[in-house]
Amino acid sequence: MCVHVSLRAKTVTVRYPLTKAAPRRHLVRRANKYRNLVENAMEAAGEKPTKRYPGEPKGFVQEMKFVVMKMHPREHANEGKKEFNGPVSTWNFTIEGYLKFLVDSKLVFDTLEEIIHESNVPSYVELKNTGLERAENLRRDLEWFKEQGHEIPEPMVPGKAYSKYLKNIAEKDHPAIICHFYNINFAHSAGGRMIGTKVSEKILNNKELEFYKYDGQLSELLQNVSQVLNKVAELWTREEKNHCLEETETSFKLYWEIFRYLLP
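Note that the structure is a prediction, hence the values are computed from the model and not measured.

1. Thoughts on the packing of aromatic side chains
Link 1 in the chain: Evaluation of the coordinates by the stated rule reveals 12 aromatic pairs.
Link 2 in the chain: Seen in terms of ring centroids, Tyr-98 and Phe-101 are 6.1 Å apart; in terms of plane orientation they differ by 25°. Their pairing is stacked. Taken together, the positions of Tyr-98 and Phe-101, both in helix H3 (residues 95–118) and three residues apart, correspond to about one turn of that helix.
Link 3 in the chain: Judged by relative accessible area, Tyr-98 falls into the buried class, the value being 1%.
Link 4 in the chain: By relative accessible area, which is 6% here, Phe-101 ends up buried.
Link 5 in the chain: With a centroid separation of 6.0 Å and an interplanar angle of 85°, the aromatic rings of Phe-109 and Phe-211 are classed as edge-to-face. Highlighted residues: Phe-109 in helix H3 and Phe-211 in the loop between helix H7 (174–203) and helix H8 (218–233), separated in sequence by 102 residues. As far as the burial class goes, Phe-109 and Phe-211 line up, both buried.
Link 6 in the chain: Positioned above the aromatic ring of Tyr-214 is the side chain of Arg-134, whose terminal nitrogen or guanidinium carbon lies 3.8 Å from the ring centre.
Link 7 in the chain: For the cation-ring pair, Lys-207 lies above Trp-144, with the distance from its terminal atom to the ring centre recorded as 4.7 Å.

2. Overview of the confidence of the model for the chain
Link 1 in the chain: Overall, the prediction assigns the chain a mean pLDDT of 82, with 72% of residues at 70 or greater.
Link 2 in the chain: Under a pLDDT of 50 for its full length, residues 1–28 has, in the predicted model, one contact with residues more than four places off or in other chains.
Link 3 in the chain: Scored below 50 in pLDDT, residues 75–83 makes 19 contacts in the model with residues more than four places away or belonging to other chains.

3. Some details on the packing of H3 against helix H6 (residues 157–169)
Link 1 in the chain: Remark: H3 packs on H6, axes separated minimally by 8 Å, with the N-to-C direction vectors making an angle of 10°. Judged by the angle between their axes, H3 and H6 are roughly parallel. Of the residues in H6, those in contact with Asp-104, Leu-107, Val-108, Thr-111, Leu-112 and Ile-115 of H3 are Pro-158, Gly-159, Lys-160, Tyr-162, Ser-163, Leu-166 and Lys-167.
Link 2 in the chain: Per-class residue counts for the contact of H3 with H6 are seven nonpolar, three polar and three charged.

Cut-offs and rules
- Residues numbered from 1 in each chain as written.
- Predicted model: local features only at pLDDT ≥ 70, side-chain atom pairs only at ≥ 80, totals over all residues.
- Heavy atoms only, no water.
- Phe/Tyr/Trp six-rings, centres within 6.5 Å; stacked < 30°, edge-to-face > 60°.
- Helix = DSSP H or I, 4+ residues; strand = E, 2+ residues; numbered from the N terminus.
- Buried < 20%, exposed > 50% of the residue type's maximum accessible area, 1.4 Å probe, protein only.
- Lys NZ or Arg CZ within 6 Å of the ring centre and 35° of its normal.
- pLDDT = per-residue confidence, 0-100.
- Contact = heavy atoms within 4.5 Å.
- Axes fitted to C-alpha atoms, helices over the stretch in contact; angles between N-to-C directions.
- Parallel < 35°, antiparallel > 145°, perpendicular 65-115°, else oblique.
- Nonpolar A, V, L, I, M, F, W, Y, C, P; charged D, E, K, R; others polar.

In structure tokens:
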């Protein structure tokens, strides 16, 4: 006797709950699977997957900005004897401390601007006469203080140390100089100007110093310089870009020593 057994596949319908979570997890799994397939294929072909850095799609200036935002000055406040004591509006500024800050700041701006203006390094050429230069404005401010009867101090250790450091790396480490250029100028255009306003209110009878004045719209000047910096960085290797980003910590530490003169 011959027996025939009929095997029929049973259709099972799986119904997902009508929620947003289920399809989203499904899509995430598919995306991860696809990404793994691509990475495996690249590795098999001898290529390493390209790593995306925070801010990279928008240009190198955004990468620098991202690093700066992670290194808020508060992280350095406790490295010495002085500390942040509340918001800037509560600080007790003094003429003596402020003059030290201005003198050392002028030395740093003098040094940085001299490096940029006297060099033929391609990375520096388009950073000449950007409108962000501050050395001449600081000279006029210090002259005004002198006319008011204040004694102008000589540059001190923090300013001299920063100036010397910039001179030492000027010709041999172009990405590092670009990092200092960005941090010094862009920091002054933001937080520096805010501090200047508070100093003016508290100890200068609301006088606005030249240090905080720019010829033209500051937003346009910053935008123009950002475009130049992005263009410069396009010629760098990823290693050079990373080196520039890593220099941010040194920039913060050196200028922080000058900034301490303003702390209460």
